[in-house]
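A structural walkthrough
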Amino acid sequence: RDNYTCQECDIKKSGHLNAHHKKPFMYILQDFLQEYSQFSPVEDKETLLRLATTYKPFWDIENGITLCEDCHNLIRKEVFKYVCLT
């Protein structure tokens, strides 16, 4: 993916790359749970697991980007700050 190159700083760091969700996974999970709100995460976990295997946003590779460890840590800090402020 991404020619083994960090998409933020454009440096090749094979072996030290991280996969990053452009749309944070917690938001995708929230959307999933809202869409299937008729099911209880506790009582219907097997049903939700089965539905998750076909829930396209969980498996959308276009929501991913390759980052080196340093860039990934910086972006995660920014996302965390944003989430805490909203």
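An account of the accompanying structure is given in this report. (Residues numbered from 1 in each chain as written. Predicted model: local features only at pLDDT ≥ 70, side-chain atom pairs only at ≥ 80, totals over all residues. Heavy atoms only, no water.)

1. Considering the environment of isoleucine 11
With respect to the element layout, isoleucine 11 can be found in the segment before strand 1 (17–21). Separated by 56 residues in the primary sequence, isoleucine 11 and leucine 67 place their C-alpha atoms 9.1 Å from one another. Discounting residues that sit within four places of it in the chain, isoleucine 11 has contacts with Thr5 and Cys6. (Helix = DSSP H or I, 4+ residues; strand = E, 2+ residues; numbered from the N terminus. Contact = heavy atoms within 4.5 Å.)

2. Some words on helix 2 (residues 45–52)
Since the α-helix advances by 3.6 residues per turn, residues separated by three or four positions end up pointing in the same direction. Here helix 2 has its buried residues at Leu48, Leu51 and Ala52. Burial along helix 2 is one-sided: seen end-on, the buried residues are contained in an arc of 100 degrees. What points out from helix 2, more than 90 degrees from its buried face, is the exposed set Glu46, Leu49 and Arg50. (Buried < 20%, exposed > 50% of the residue type's maximum accessible area, 1.4 Å probe, protein only. Arc of directions from axis to C-beta.)

3. Here's the deal with the packing of aromatic side chains
Overall, the coordinates contain seven aromatic pairs when judged by the stated rule. Here the aromatic rings of tyrosine 55 and phenylalanine 58 are separated by 5.1 Å at their centres, their planes lie at 70 degrees, and the arrangement is edge-to-face. One exposure class covers both tyrosine 55 and phenylalanine 58, and it is buried. (Phe/Tyr/Trp six-rings, centres within 6.5 Å; stacked < 30°, edge-to-face > 60°.)

4. What to know about the state of the cysteines
Throughout the structure, instances matching the rule amount to zero disulfides. Here cysteine 9 is not cross-linked by a disulfide; its sulfur's nearest cysteine counterpart is in cysteine 6, at 3.6 Å. For cysteine 9, a relative accessible area of 31% corresponds to the partly exposed category. Take cysteine 71: it sits in no disulfide, and the sulfur closest to it among the cysteines is that of cysteine 68, at 3.6 Å. (Disulfide = S-S within 2.5 Å.)

5. Notes on unusual backbone geometry
Here asparagine 3, not a glycine, exhibits a phi torsion of approximately 55 degrees, which is positive. Assignment of secondary structure puts asparagine 3 in the segment before strand 1. Using a relative accessible area of 52% as the deciding quantity, one classes asparagine 3 as exposed. For tyrosine 4, which is not a glycine, the phi torsion comes out positive at approximately 55 degrees. Relative to the elements of secondary structure, tyrosine 4 occurs in the segment before strand 1. Look at tyrosine 4 and you get exposed, because its relative accessible area is 56%.

6. Things to note about the nonpolar core
A general feature of soluble globular proteins is that nonpolar side chains tend to end up buried together. Ile28, Phe32, Tyr36, Leu48, Leu51, Ala52, Tyr55 and Phe58 together form the largest nonpolar core, which totals eight residues. When residues of this core are traced back to their parent elements, those giving at least two are helix 1 (25–35) and helix 2. In terms of residue count, the dominant contributor to this core is helix 2 (three residues). Setting aside chain neighbours within four positions, we find alanine 52 in contact with Phe32, Phe58 and Trp59. (Core = buried A, V, L, I, M, F, W, Y, C linked by side-chain atoms within 4.5 Å.)

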